[in-house]
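# Residue-level structural notes
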Amino acid sequence: MPSDLSALTLSATAQTTVAAVLSAMAQPFSGPTETKRGEFFGKKGSFTAVAALMSEVVPAERKAFGQWLNQVKTEIETKLADLDQQTAGQKTESAWIDWTIPGILPAVGHLHPVSHAIESVTRIFEKVGFTRVRYPEVDWDWYAFESLNMPKNHPARDEWETFFVETPASSKKGKVVLTPHTSNGQVREMERLKSKPPIRMINIARCYRRQQDATHTQMFHQFEGLVVDKGITIQHLKGTLDYFAESFYGPGTKSRIRPFHFQFTEPSFEVDFSCHVCGGTGQVADSESDTGKRKCRFCKSGWHEVGGAGMVHPNVLKAGGIDSEVYTGFAFGWGVERTYTLKPGLQIDDIRLFYSGEPAFLRQF
Ligand code: DAH
């Protein structure tokens, strides 16, 4: 305790200043030491104020006042040192780590299901001699339509809900589009190989169409096969489709081709794969029904339609500089997302989920 000052002749204001520092010292010392130190020794600190009184203390009393100041200062310093020790103790306590607590495993990522599907499609076709290529997603009208036997303003173009890019058109190759299908790769591949078959191409790329619902996204992927050589027939096409069906969906899956129309193939087909749920019969066993069977809910008919195919139209070969009297070819193309959702065991009823970026969805793969 600092000594008593009552014997000294201090003014009323001086006495208040003295009272202030004494009362500050009587408060519990807590919080950060530096803050507390500032309350006493800072510019406006209560000790600073009391020390400044020295000039107004009468000379005869200065010694006694000086001694008092020293006692006060020592006491404050002691209390600050105690506080410092206390807070240092708290710091080490909170920084203490329990090394025995099980750790948090870092999340392990994996390929996006669509990338995974692209990988498997690539591997299946590479095995039988196809070369994987990728052509521009932003391409000339010539490659996307005109070279595929679809002259300007041909009504068949309406089927491809195309995005056009606002940029000057080329006098030879026309407007610029976001490729609505991977068929733009057909003539590009013929050009790459300097119009010299054999060609065995698998072109997998992004495509864009003005469509969005449970089975369509504005951006999606297609894969396109093209084979051109001497003596290529529909049998080669059918064999390739069967090979893909079994490799991608599993043994026993069959392909089926139905007559259709595309400008760039003649004849043209739609391609179906047999349903793995009902084994292509369209019916599954149901003990509750009278017949013991019910319609397969997955396919309704035994088959899933996946895409298009056909024998390359002579005009397309011609656009690629290939003599259609000497060479023939087949082509096929369809959506990666659609093909993938038909895989056994997956029950994805909305392909927009693939691009939702939803971790809960993606983690399942
Ligand atoms: N390009 C067509 C589409 O997007 C699919 C297609 C049909 C590709 C027939 C082909 C083919 O190569 O021969 O709908």
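Just above, that's the structure.
Residues numbered from 1 in each chain as written. Predicted model: local features only at pLDDT ≥ 70, side-chain atom pairs only at ≥ 80, totals over all residues. Heavy atoms only, no water.

### Here's the deal with the environment of His110
Using the following cut-off: Under the scheme used here, helices are H or I runs from DSSP no shorter than 4 residues and strands are E runs no shorter than 2 residues, and both carry numbers assigned from the N terminus. Think of it in three bands: residues with accessible area under 20% of the maximum for their type are buried, residues over 50% are exposed, and the middle band is partly exposed, with areas taken using a 1.4 Å probe on protein chains only. Whether two residues touch is decided by their heavy atoms; if any such pair falls within 4.5 Å, the residues are in contact. Polar contacts here mean pairs of N or O atoms no more than 3.5 Å apart (in protein, one a potential hydrogen donor and the other a potential acceptor; neighbouring residues in sequence count only if both atoms are side-chain atoms).
For His110, the location among the structural elements is in the loop between α4 (62-94) and α5 (113-127). Taking the relative accessible area as the measure of exposure, His110 reaches 44% and is therefore partly exposed. When the C-alpha positions of His110 and Phe365 are compared, they lie 8.3 Å apart, and in sequence the two are 255 residues distant. Residues within four places of His110 in sequence aside, it is in contact with Leu362, Arg363 and Phe365. Among the polar contacts made by the side chain of His110, one reaches the main-chain carbonyl oxygen of Phe365 at a distance of 3.3 Å.

### Focus on the environment of His221
Position of His221 relative to the elements: it lies in strand β6 (residues 219-229). Classification of His221 as buried rests on a relative accessible area of 10%. Between the alpha carbons of His221 and Arg338 there is a distance of 9.2 Å; along the sequence they are 117 residues apart. In this view, His221 contacts Val114, Ile118, Ala205, Arg206, Trp334, Gly335, Val336, Glu337 and Tyr355; residues no more than four positions away in its chain are not counted. Side chain to side chain, His221 and Tyr355 meet in a polar contact 3.2 Å long.

### Some details on the packing of aromatic side chains
Using the following cut-off: Ring pairs are drawn from Phe, Tyr and Trp, using the six-membered ring of Trp, whenever the two centres fall within 6.5 Å, and their geometry is named by plane angle: stacked under 30 degrees, edge-to-face over 60, tilted for the rest. Note on geometry: a ring has a charge over it if NZ (lysine) or CZ (arginine) is within 6 Å of the ring centre and within 35 degrees of the ring normal.
Taken as a whole and assessed by the stated rule, the structure comprises 27 aromatic pairs. When the centroid spacing of 5.5 Å and the interplanar angle of 20° are considered together, the rings of Phe29 and Phe40 count as stacked. Linking Phe29 in the loop between α1 (12-26) and α2 (33-41) with Phe40 in helix α2, this pair joins segments that are eleven residues apart in sequence. Taking the relative accessible area as the measure of exposure, Phe29 reaches 12% and is therefore buried. The class of Phe40 is buried, set by a relative accessible area of 0%. Ring geometry for Phe332 and Trp334: centres 5.4 Å apart, planes at 40°, overall tilted. Linked through ring pairs, Phe125, Phe130, Phe223, Phe244, Phe248, Tyr249, Phe273, Phe330, Phe332 and Trp334 together constitute an aromatic cluster. Taking the ring centre of Tyr143 as reference, the NZ or CZ of Arg188 above it sits at 4.1 Å.

### With respect to the side chain of Thr122
Within the element layout of this structure, Thr122 appears in helix α5. Overall, the relative accessible area of 8% leaves Thr122 in the buried class. Those residues in contact with Thr122, other than ones at most four positions away along the chain, are Arg132 and Ile204.

### A short note on the sheet that holds strand β4 (residues 174-178)
Backbone hydrogen bonds are what pair the strands of a sheet, in a parallel or an antiparallel way. Rule in force here: Two strands are counted as paired when DSSP detects at least two bridges linking them. Helix axes use the C-alpha atoms of the stretch in contact, all axes being lines fitted to C-alpha atoms, and the angles between their N-to-C directions lie in the range 0 to 180 degrees.
Judged by pairing direction, the sheet is antiparallel, and its three strands sit side by side in the order β2-β4-β3 without closing on themselves. Lying at the two open borders of the sheet, with one neighbouring strand each, are β2 (138-140) and β3 (163-170). Pairwise comparison of adjacent strand axes, ignoring direction, gives a mean angle of 25° for this sheet. Pairing between β2 and β4: three bridges, direction antiparallel. Considered in β4, the bridge of Trp140 is made with Val176.

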